[in-house]
Amino acid sequence: MQVTGARRAAVLGHPISHSRSPLLHSSAYRALGVDIEYTAIDTLPGQAAAFAQRLRTEPGWVGVSVTMPMKDALIPHLDELSERVQRLGALNTVVVQHRDGAVHLYGHNTDVDGIVGAMAGVLPARRHGDTPGPARRAAILGAGNTALAALEACAELGHTQVDLVVRNPQRAAAALDLAQSLGLGCEAIDSTVAGQRLAHYEAVISTLPAHAADVLVAPLGLDPERGPVPGALAPGAVLLDVAYDPWPSVLATAWERAGGTVVCGLSMLLYQGVEQVKLFSGVQHADWNHVTNVMCDAVGLSRP
């Protein structure tokens, strides 16, 4: 079964009007000379089964990007999951494949690639070419589906100890199990304890929705109105805040004022989007540096 006519893809989630994915993807497909229309569709978990059926029956679909709160809702309605999705229990990508006359829905997770791509060039040990010490500590704010991807990214980036900063440790059970399977030392702590450990973190990844991290700024010992405090952060400590709208976030402002390095969540969106573009377009061999630069220009990111 061959796909004919216009091809299309979309990002699913709620709320979704703020998403920059349509700008990123559309610019990439133009740069590649590929005709794929990419839109944003407001979708709730209760609509997952119906939307999976749309992917099977409506012509032209090549795939969908998936954001909150849909990252686990679509899983039961797919035909196959990547090893990473099976491990994490969360996806951000569904690829529509055509095999033997039937539609086949395949789940991927490129959030890990997005986090690694956004942080690899700015982490102190990697930036200076240093040999990492025996224990590299990071913290993740939240324990939801994006936090699961962040845990795997931390393992890939060479961190050995990760603290999960949560209000309710019982909700971190899945993340703690994943950390153990990845060989990470991991503990669920509250924001006050995280504040006491702040100077020991090489990296902090906030996986919380927009504004949700605002209330954590004070217990972490940060202040968006105060200038740098010597010793508050580890030298070169990096914050990745995945929530990019509005920007800068209160947390990002406080981190930067404390003397740390801030990475906007748009960078994560960029790098996970590059991998999705490859999957949706079917193009593997291209000038991906050029495509990445075009995508950066589309959303106002500095070129890497």
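For the structure, check the block above.
Residues numbered from 1 in each chain as written. Predicted model: local features only at pLDDT ≥ 70, side-chain atom pairs only at ≥ 80, totals over all residues. Heavy atoms only, no water.

Participant: With reference to specific residues and values, describe the packing of aromatic side chains.
Facilitator: For any pair of aromatic rings, geometry is given as the distance between the ring centres together with the angle between the planes. Tallied over the entire structure, the rule returns one aromatic pair. A ring pair is formed by phenylalanine 51 and tryptophan 61, whose centres lie 5.7 Å apart and whose planes are at 65°; its orientation type is edge-to-face. With phenylalanine 51 in helix H2 (residues 48–57) and tryptophan 61 in strand S3 (residues 61–66), the pair connects residues that are 10 residues apart, well separated along the chain. Note on tryptophan 61: relative accessible area 3%, which makes it buried. (Phe/Tyr/Trp six-rings, centres within 6.5 Å; stacked < 30°, edge-to-face > 60°. Helix = DSSP H or I, 4+ residues; strand = E, 2+ residues; numbered from the N terminus. Buried < 20%, exposed > 50% of the residue type's maximum accessible area, 1.4 Å probe, protein only.)

Participant: Can you lay out the sheet that holds strand S5 (residues 93–99) for me, pointing to particular residues and giving the numbers?
Facilitator: Within the open sheet, the six strands sit side by side as S2-S1-S3-S5-S6-S4. Their pairing is mixed. The sheet is open, and its two edges are formed by strand S2 (36–42) and strand S4 (80–81), each paired on a single side. In terms of strand pairing, S3 meets S5 through three bridges, oriented antiparallel. Its bridge partner lying in S5, valine 64 is registered against valine 94. (Pairing = 2+ DSSP bridges.)

Participant: Help me get a handle on the nonpolar core, residues and values and all.
Facilitator: Residues Ile115, Met119, Ile140, Leu151, Ile205 and Leu240 are the most contacted members of the largest nonpolar core, which totals 33 residues. Broken down by secondary-structure element, the contributors of at least two residues to this core are helix H4 (111–119), strand S7 (137–141), helix H6 (145–156), strand S8 (161–165), helix H7 (173–181), strand S10 (203–206) and strand S11 (238–241). The greatest single-element share of this core, amounting to seven residues, is contributed by H6. Sequence-distant contacts of leucine 240, that is, excluding residues within four places in its chain, are made with Ile115, Met119, Val204, Ile205, Ser206, Val263, Cys264 and Gly265. Counting 26 residues, the second-largest nonpolar core is a separate cluster that includes Ile16, Ile36, Leu270 and Val291. (Core = buried A, V, L, I, M, F, W, Y, C linked by side-chain atoms within 4.5 Å. Contact = heavy atoms within 4.5 Å.)

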